[in-house]
Amino acid sequence: MHTTSEADHKIGGSEVQSQLIAMEQDEPRQRRDDEQFIWPWAGVLVNVHTEWKNGLRVGRNGCDLRDQFPQFRLHKVNPLWDKHGSHTGTAIVLFAKDWSGFTNAIDFENQFEAQGRGKRHWKEQKYHGPEMFGWAARADDYISHCPIGKWFQKYRDLRTIADCKNQEASKMEQLEANLNSQVEVKGRYVQELECRNNETCKLLAKAEEDVQKLLQSQSEEILKIQLDEVAAIAEFGRMTIERQKEEHAMMEQLRASEISLKVVEEQQRETKLALEKDLGFRKMMLDKQALEIEVKQLYGELEVTEIMPGEEVSKKKKIDELIKKLEENYEENEYMEALHKNLINKQTEHTNELRPAREKLIKVSTII
């Protein structure tokens, strides 16, 4: 950081030296260093046109006079008035405070001098005509007792060119010293900023490391939570599947129980029906046997009736009755046989209808 300060110091010194050299080049070499001028640089205009108006002399204002000489970059023009408020026909011309202002003041004077309207011509000629005269203000203008001298004594000073050079040199030295001081202060400030920046970088690095650790910890915690959630979801899914399996098994068992109950009921009904059929069949067989016995008896009676003596009419009537009864017995016997066959067929059909239910019951019982 000290090296940077020295470099800035050298640069500042070089700039100051360049400014001094430029100012020395702008200084008019033909002027003596002990010649006194009005400071800040000024000029004088005399024989400014005036006229009487309402008992007073009036003339052109400062702006109009300044605009008449744009090539000299006049800072301001102050017309002078007497104590009665009349225009004195004179004006003070103000230039910039630097050496460019001095150069413009000398050029201003030289132009009037070249046109025969300088200070020398003003003092030597008795008739001046309508034209203005002008020059750069010096010590004799300052000490004069006219309004011009009074204005300079009130608002301006006298300085030699040497005074101005010394003042500029002093200002440059002060400026250089100030610049060196500023460079040194800025150097220390930059060094302090670098220290602060290093501390800030360390703090930022530490903060970034802490943030990374925090993010890593949060990521691990989030991952653990996610894994726990996945495990919980998997466990819930497994329990749901188990519960569904149990519910399905219970439903199947319930259905099997219902089927078993239906099969048992059907078996009971079938058994009852079979018993009823068997009883009916047995009764039918007994009735058939009784009928066959009765038929045989009737045949015997018929044979006896045919061979027994008696009235033909009564015998024929009895024979007809026996024959009719035999026919009825035959018809009843045929009906009983048809009924027996029908019962056997229905029992077979019912057994065939129950077979799928029994097979399904056996299959469900095997799965359970």
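As a starting point, this report considers the structure included with it. (Residues numbered from 1 in each chain as written. Predicted model: local features only at pLDDT ≥ 70, side-chain atom pairs only at ≥ 80, totals over all residues. Heavy atoms only, no water.)

1. Structural notes on the packing of aromatic side chains
In step 1: Considering all chains together, one arrives at 14 aromatic pairs under this definition.
In step 2: Seen from their ring centres, W39 and W41 are 5.1 Å apart, and the 85° between their planes marks the pair as edge-to-face. The same class applies to W39 and to W41, which are both buried.
In step 3: With a centroid separation of 5.8 Å and 65° between ring planes, the pair formed by F95 and F108 is classed as edge-to-face. With F95 in the loop between β6 (87-94) and α3 (99-114) and F108 in helix α3, this residue pair connects regions lying 13 residues apart in the sequence.
In step 4: You can call F108 buried: its relative accessible area is 0%.
In step 5: Ring pairing ties together the aromatic residues F37, W39, W41, W99 and F102, which thus form one cluster. (Phe/Tyr/Trp six-rings, centres within 6.5 Å; stacked < 30°, edge-to-face > 60°. Buried < 20%, exposed > 50% of the residue type's maximum accessible area, 1.4 Å probe, protein only. Helix = DSSP H or I, 4+ residues; strand = E, 2+ residues; numbered from the N terminus.)

2. Quick word on the sheet that holds β6
In step 1: What the four strands build is an open sheet, ordered β5-β6-β2-β7; its pairing is antiparallel. Unpaired on one side and paired on the other, β5 (76-81) and β7 (133-136) mark the two borders of the sheet. If you compare each strand with its neighbour and ignore which way they point, the axes differ by 20° on average.
In step 2: Sheet contacts for α3: β2 (42-46), β6 and β7; angle to β7, the most-contacted strand, approximately 145°.
In step 3: Against the sheet, helix α6 (residues 147-155) touches β2, β5 and β6, its axis set at about 40° to β6. (Pairing = 2+ DSSP bridges. Axes fitted to C-alpha atoms, helices over the stretch in contact; angles between N-to-C directions. Contact = heavy atoms within 4.5 Å.)

3. Comments concerning the pattern of salt bridges
In step 1: Under the definition given, this model contains 14 salt bridges.
In step 2: Here D141 makes a salt bridge to K119, at a shortest N to O gap of 3.1 Å. With D141 in helix α5 (residues 139-142) and K119 in helix α4 (residues 119-124), this pair connects stretches of sequence that are 22 residues apart. Each member of the pair D141 and K119 is classed as buried.
In step 3: Through salt bridges with shared partners, one network takes in K119, K123, D140 and D141. (Salt bridge = Lys/Arg side-chain N within 4 Å of Asp/Glu carboxyl O.)

4. Observations regarding the layout of surface pockets
In step 1: By volume, the largest pocket amounts to about 160 Å³.
In step 2: In terms of lining, the largest pocket is formed by V46, K119, W122, K123, W135, D140, D141, S144, C146 and I148.
In step 3: Listed by contribution, the elements that provide at least two residues to the lining of the largest pocket are α4 and α5.
In step 4: Looking at the lining of the largest pocket, the element that brings in the most residues is α4, giving three residues.
In step 5: For the lining of the largest pocket, the residue count by class is five nonpolar, one polar and four charged. (1 Å grid on protein atoms, 1.4 Å probe; cavity = no way out; pocket = protein on both sides within 12 Å on 5 of 7 lines; lining within 4 Å. Points joined across faces, edges and corners; volume = space filled by probe spheres on them. Nonpolar A, V, L, I, M, F, W, Y, C, P; charged D, E, K, R; others polar.)

5. As for the side chain of T160
In step 1: Relative to the helices and strands, T160 is located in strand β8 (residues 157-160).
In step 2: With a relative accessible area of 11%, T160 lands in the buried category.
In step 3: If near-sequence neighbours (up to four positions away) are discounted, T160 is found in contact with D33, D34, E35 and Q36.

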